[in-house]
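Architecture at a glance
Take a look at the letters that make up each chain.
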Amino acid sequence: MTDNPTTGTWSAPGRVNLIGEHTDYNDGFVLPFAIEFRTAVALQTRTDGRIRVTSSFSSDAAEVAVSDLAALFPDRRDEVPEWARYPLGVAWALLEATGVDVASVPGVDLSFSSDVPVGAGLSSSAAIEGATASALNDVWGLGLDCVSLAKVGRRAENEAVGAPTGIMDQMASMLGRADAATFLDCRSLQTESVDLGFAGAGLELLVIDTKVTHAHSTGGYRERRASCEQGAAIMGVPALRDLTVDDLARAQELMDDVTFRRVRHVVTEDQRVLDTVETLRSAGPRGIGQLLDASHASMRDDFEPSVAALDLGIDPTRAAGAIGARMTGGGFGGAAIALIDHSLVASVTAAVERAFADAGYATPHIFTVHPSEGARRDV
Ligand code: GLA
């Protein structure tokens, strides 16, 4: 270890999921893309073997010896502030994944700043994880590739934070590419970049952040996941990925109505992801509107993680001329997306704001996003 500190800045983006909701932890297909909102981490090494995390978005800081991370996670995670469990959890999961000797890696100061909206379903957590994993992978000389870093992020989220999420967000944040979505098979973790061509077709992707915040470490998300596992067990398959639309009639005979509808959403959603990829390739982005709409209907009626504010964000976009619209992310609050003509940004925004005001909701935050690059070293 030298006395000269290493410094640098790394960043990773949030993501929007174009389609493929609640399919990732069922070993299925997803089609997210990284967005231009990013979390950056400025890193400086230190010689005392400790790791300290601070941020512009919380007044709480946390500091722990790198050699104590193994004792902290997962059992004693409550000892650090909630946001700090993400970066410290990533440091812990990196050590676990590589088995590197803790005495051989330098301590670090990590200072975070972010413009990814929190609680909006745009994966602010994956952005923190991706930035941290990329920075420590470089500075600790671990040599992990992007997929391994995404897995580390998921482990941190599952075990250090306690949210039973899948791997979509971390993969989208690590692997994003300008103008393209990441088509991911969540079983094999194979990815393909799929050109979106929004700009060329004169389209914008509008995000409607309802400001109804969500957290996946509690309640509904966990319950939905359990229903999916139960559905797979009843059908005798390892995961719902192993079913097709043709299996649904038998599923309906074997399951209670709620479990069946959860299963039907996942099975049909996997097919919609495949159809969306196919349509983007053969017809371009103007062809995917019905698939987005069908995904939303399936979430609303079968999977039911939606809240009234999300439907309120979607119905007026359609009336104002959107090509397609759906909620994005885990649900239970968060954001909706609408694919619209560039010329309609102002009128669709106004229509949604009016609908929220009429229903007595707080003004939503509405903005466009563009498919952007994944995690990287900036400086
Ligand atoms: C959250 C989780 C993801 C995924 C989505 C739902 O964003 O972090 O792993 O399950 O919900 O598609």
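A brief structural summary. Within any chain, residue numbers begin from 1 and follow the written order of that chain's sequence. Given that this is a predicted model, residues contribute local features only at a pLDDT of at least 70 and side-chain atom pairs are listed and counted only at 80 or more, while totals for whole chains, interfaces and linings are drawn from all residues. As a convention, hydrogens and water are excluded, and side-chain values are obtained from all of the structure's heavy atoms.

Another aspect to go through is the pattern of salt bridges. Salt bridges are defined by distance alone: a side-chain nitrogen of Lys or Arg within 4 Å of a carboxyl oxygen of Asp or Glu. For the structure shown, the criterion picks out 29 salt bridges. When the shortest N-O distance is used, the salt bridge between Arg-326 and Glu-269 registers 3.9 Å. Separated by 57 residues along the polypeptide, Arg-326 in strand β9 (residues 324-328) and Glu-269 in helix α8 (residues 257-282) bring together distant segments of the chain. Assessed through its relative accessible area of 0%, Arg-326 is described here as buried. For Asp-315, the salt bridge identified is with Arg-318, shortest N-O distance 3.9 Å. Here Asp-315 and its partner Arg-318 are both found in helix α10 (residues 308-319), 3 residues apart, which amounts to about one turn of the helix. Its relative accessible area of 42% is what places Asp-315 among the partly exposed residues. One network of salt bridges, with partners in common, ties together Arg-46, Asp-48, Arg-50, Arg-52, Glu-63 and Asp-109. Segments assigned H or I by DSSP are reported as helices when at least four residues long, segments assigned E as strands when at least two residues long, and all are numbered from the N terminus. Categorising residues by exposure relies on relative accessible area from a 1.4 Å probe, with only protein chains included: less than 20% of the type maximum marks a residue as buried, more than 50% marks it as exposed, and the intermediate range marks it as partly exposed.

Turning next to helix α3 (residues 124-139). Working note: α-helix, 3.6 residues per turn, so residues spaced by three or four point in the same direction. When the terminal C-alpha atoms of α3 are compared, their 23 Å separation across 16 residues agrees well with the 22 Å that a helix rising 1.5 Å per residue should span. Burial analysis of α3 places 15 of its 16 residues in the buried class, the great majority of the element. In this analysis, the expected span of each helix is defined as 1.5 Å times one less than the number of residues it contains.

This part is about the packing of aromatic side chains. By convention, a stacked pair of Phe, Tyr or Trp rings (six-membered ring in the case of Trp) has centres within 6.5 Å and planes under 30 degrees apart, an edge-to-face pair has planes over 60 apart, and any other such pair is tilted. Under the criterion given, the structure shown has 8 aromatic pairs. A ring pair is formed by Trp-83 and Phe-112, whose centres lie 5.8 Å apart and whose planes are at 75°; its orientation type is edge-to-face. In this pair, Trp-83 sits in the loop between α1 (69-72) and α2 (85-98) while Phe-112 sits in strand β5 (residues 107-114), placing the two residues 29 residues apart along the sequence. Like Trp-83, the residue Phe-112 is buried in the burial classification. Among the aromatic side chains, those forming a connected cluster through ring pairs are Phe-57, Trp-83 and Phe-112.

In this section: the side chain of Ser-295. For Ser-295, the position within the fold is in helix α9 (residues 289-303). Residue class for Ser-295 comes out buried when judged on its relative accessible area of 0%. Two N or O atoms count as a polar contact when they lie within 3.5 Å, although within protein this holds only if one can serve as hydrogen donor and the other as acceptor, and sequence-adjacent residues are included solely when both atoms are side-chain atoms. A polar atom in the side chain of Ser-295 sits 2.9 Å from the side chain of Glu-269. A polar side-chain atom of Ser-295 sits 3.0 Å from a polar atom in the side chain of Arg-326. When checking whether two residues touch, look at their non-hydrogen atoms; a contact exists if any pair is within 4.5 Å. Apart from residues no more than four positions distant in its own chain, Ser-295 is found in contact with Ile-19, His-265, Glu-269, Arg-272 and Arg-326.

Among buried residues, those of type Ala, Val, Leu, Ile, Met, Phe, Trp, Tyr and Cys that are joined through side-chain atoms within 4.5 Å constitute a nonpolar core. Judged by nonpolar contacts, the single largest core of 50 residues is most densely connected at Ile-51, Leu-69, Leu-88 and Trp-140. When residues in this core are grouped by element, the largest group, 8 residues, is from α2. Once residues within four sequence positions are removed from consideration, Leu-69 is found in contact with Ile-51, Val-64, Leu-88, Ala-91, Trp-92 and Leu-95.

This part takes up empty space enclosed by the protein. Put simply, the grid is 1 Å and covers the protein atoms alone, a cavity is a trapped set of points that fit a 1.4 Å probe, a pocket is an open set with protein on both sides within 12 Å along at least five of seven lines, and lining residues have an atom within 4 Å of a point. Grid points are joined across faces, edges and corners, and a volume is the space filled by probe spheres set on the points. Applying the stated criterion to the full structure yields 1 cavity of 30 Å³ or more. For the largest cavity, the calculated volume is near 30 Å³. In this structure, the largest cavity is lined by Ala-126, Glu-129, Gly-130, Leu-149, Ala-150, Gly-153, Gln-170, Ser-173 and Met-174. Among the elements of the structure, α3, α4 (146-161) and α5 (168-175) are those that each provide at least two residues to the lining of the largest cavity.

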